[in-house]
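Listed below, chain by chain, are the residues.
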Amino acid sequence: MISEVTGIHRIRMLYLQLLYRCNFECLHCFHGKRLQHADAFTADEAISLLTLMRDQYGTEAVTLLGGEPFVYRDLTQVVQYAKRTLGLGVEICTNGYRIERRLTEIAPDLDLLRVSLEGIGSTNDQIRKFGSYRSALSALEIAQHLGVRTGATMTVTSRNIEEVLPLARVLQGYGVAQLKLHCLRPVGNAAAHPELLITNPVAYTRLRGRLDAAHLEIEVIVDEDLSEDGAPQACLPDGGPVEIERIEADPRGALTMSCKAVGKDSHAFWYDKLADHIAHRPSPTDELTLSVPDVVYGRV
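Residue numbers restart at each chain and count upward from 1, following the sequence in its written direction. Thresholds applied to this predicted model are a pLDDT of at least 70 for local features of residues and 80 or more for the giving and counting of side-chain atom pairs; totals over whole chains, interfaces and linings are not thresholded and use all residues. No hydrogens and no water enter the side-chain calculation; it runs on all heavy atoms of the structure.

Undergrad: Explain the overall build of the protein chain residue by residue, including any values.
TA: If you tally the helices and strands in the protein chain, you get eight helices and 12 strands. The buried share of the protein chain, reckoned over its 300 residues, is 53%. When contacts within the protein chain are restricted to residue pairs at least 6 apart in sequence, long-range pairs at least 24 apart make up 74% of them. When the accessible surface of the protein chain is totalled, it reaches about 13,300 Å², and 50% of it is carbon and sulfur. Under the scheme used here, helices are H or I runs from DSSP no shorter than 4 residues and strands are E runs no shorter than 2 residues, and both carry numbers assigned from the N terminus. Burial here depends on accessible area, computed with a 1.4 Å probe over protein chains only, as a share of the maximum for the residue type. Under 20% is buried, over 50% is exposed, and the range in between is partly exposed. Any two residues whose heavy atoms approach within 4.5 Å are treated as being in contact. Here the accessible surface of atoms and residues is derived via Shrake-Rupley with a 1.4 Å probe, and residues count as covered only by protein chains that are part of the display.

Okay, here's the thing in structure tokens:
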């Protein structure tokens with residue numbers, strides 16, 4: 001269905017939100033009240049969608065998210081099927097809170113563990129959860145011992161922008177390969193915390209300058225939104241691309257091709273879990289927005 005409507009025949013990666021449920025209530029979480037919803041993929045539904053994406057769109061990798069994927073009961077089953085049966089690359093994005101036992105179970109089938117952090121020590125804990133900073137670093141250390149490649153994410157806010165470089169250096173010391181920096185959007189929980197928003201976009205220019213001058217060993221990937229002018233609008237052109245980097249499925253089955261739609265219902269496709277197929281449900285404008293490129297600093 002996606003190919004017929006858009007002309008897109010290959011989607012390299014599926015971002016699969018397995019469930020909304022989480023053991024954190026982060027101040028900036030884009031899910032907001034949806035964290036209380038019971039929507040989730042069953043193991044069979046997740047496996048069916050992964051199989052469909054591989055067979056119909058040549059998908060070669062999956063990133064498993066939530067909510068918190070490590071509270072998902074059937075995580076091991078989904079990870080093992082994705083890797084052993086479908087041959088997909090498997091990445092998990094997690095808060096890293098008390099995941100040691102399950103991480104040890106899935107380590108042989110995991111290509112990348114990406115842990116979310118929002119600064120150093122108390123800065124992180126005030127945004128995420130008390131004790132989460134030490135727990136996240138412990139998870140990274142255990143992953144390294146298990147031979148699992150690690151990465152991290154950070155949402156840049158007024159409270160932590162000065163700690164981007166210090167955090168990058170801490171992560172570098174833990175052998176973390178990559179840090180992704182995201183722009184805070186005023187949706188979900190963040191809508192109730194406007195004090196976290198960056199009000200002077202010149203701060204992004206200064207941050208980029210410091211990153212460029214730091215010559216870090218860790219690779220730092222920066223959202224294009226983190227600039228004085230914001231990200232350019234990059235919509236599907238006439239005749240569109242035949243290949244895109246990613247598509248994201250939320251726990252209800254809604255599909256979107258852009259992180260710009262996160263926290264909204266601006267999607268054009270749904271995965272019908274019962275019928276195991278993708279249906280077209282256009283928005284009023286039927287406009288598909290694609291992600292814009294990121295900027296990379298440092299090196300692995």
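Still more to cover.
Undergrad: Give a detailed account of the pattern of salt bridges, specifying residues and quantitative values.
TA: For this document, the term salt bridge refers to a Lys or Arg side-chain nitrogen within 4 Å of an Asp or Glu carboxyl oxygen. One pass over the full model with this rule turns up 16 salt bridges. A salt bridge links Lys273 to Glu45; its shortest N-O distance comes to 3.9 Å. A residue pair is termed long-range when its members are at least 10 positions apart, and Lys273 in the loop between strand 10 (269-272) and strand 11 (277-280) and Glu45 in helix 2 (residues 43-57) qualify at 228 residues. With a relative accessible area of 17%, Glu45 lands in the buried category. The partner of Lys83 in a salt bridge is Asp111, with the nearest N and O atoms 2.7 Å apart. Of the two residues, Lys83 sits in helix 3 (residues 75-85) while Asp111 sits in the loop between helix 4 (100-106) and strand 4 (112-116), which places them 28 residues apart along the sequence. The exposure class of Lys83 is partly exposed, given its relative accessible area of 23%. Salt bridges sharing common partners tie together Arg10, Arg12, Glu60, Glu243 and Glu245.

Undergrad: Now, about helix 3: what can you tell me, with residues and values included?
TA: Those residues of helix 3 not exposed but buried are Leu75, Thr76, Val78, Val79 and Ala82. Down the axis of helix 3, the sector holding all buried residues measures 170 degrees, keeping them to one side. On its buried face, helix 3 sits against helix 2, strand 2 (61-65), strand 3 (89-94) and helix 4. Looking one or two residues past helix 3, Gly87 carries a phi angle of roughly 70 degrees, positive in sign. Each C-beta atom gives one direction from the helix axis, and the arc is the one those directions make.

Undergrad: Outline the pairing of strand 1 (residues 10-17), listing residues and values.
TA: Taken across its eight residues, strand 1 has six buried, putting it largely inside the fold. Pairing between strand 1 and strand 8 (residues 243-249): six bridges, direction parallel. If you follow Leu14 over to strand 8, its bridge partner there is Ile247. In the sheet, strand 1 pairs with strand 2 via five bridges, with the strands oriented parallel. The residue of strand 2 that forms the bridge with Met13 is Ala61. By convention a crossover is right-handed if, when the strands point away from the viewer, the path from the first strand over the helix to the second runs clockwise. The handedness of the strand 1 to strand 2 crossover, carried by helix 2, is right-handed. A pair of strands is labelled paired if DSSP reports no fewer than 2 bridges between them.

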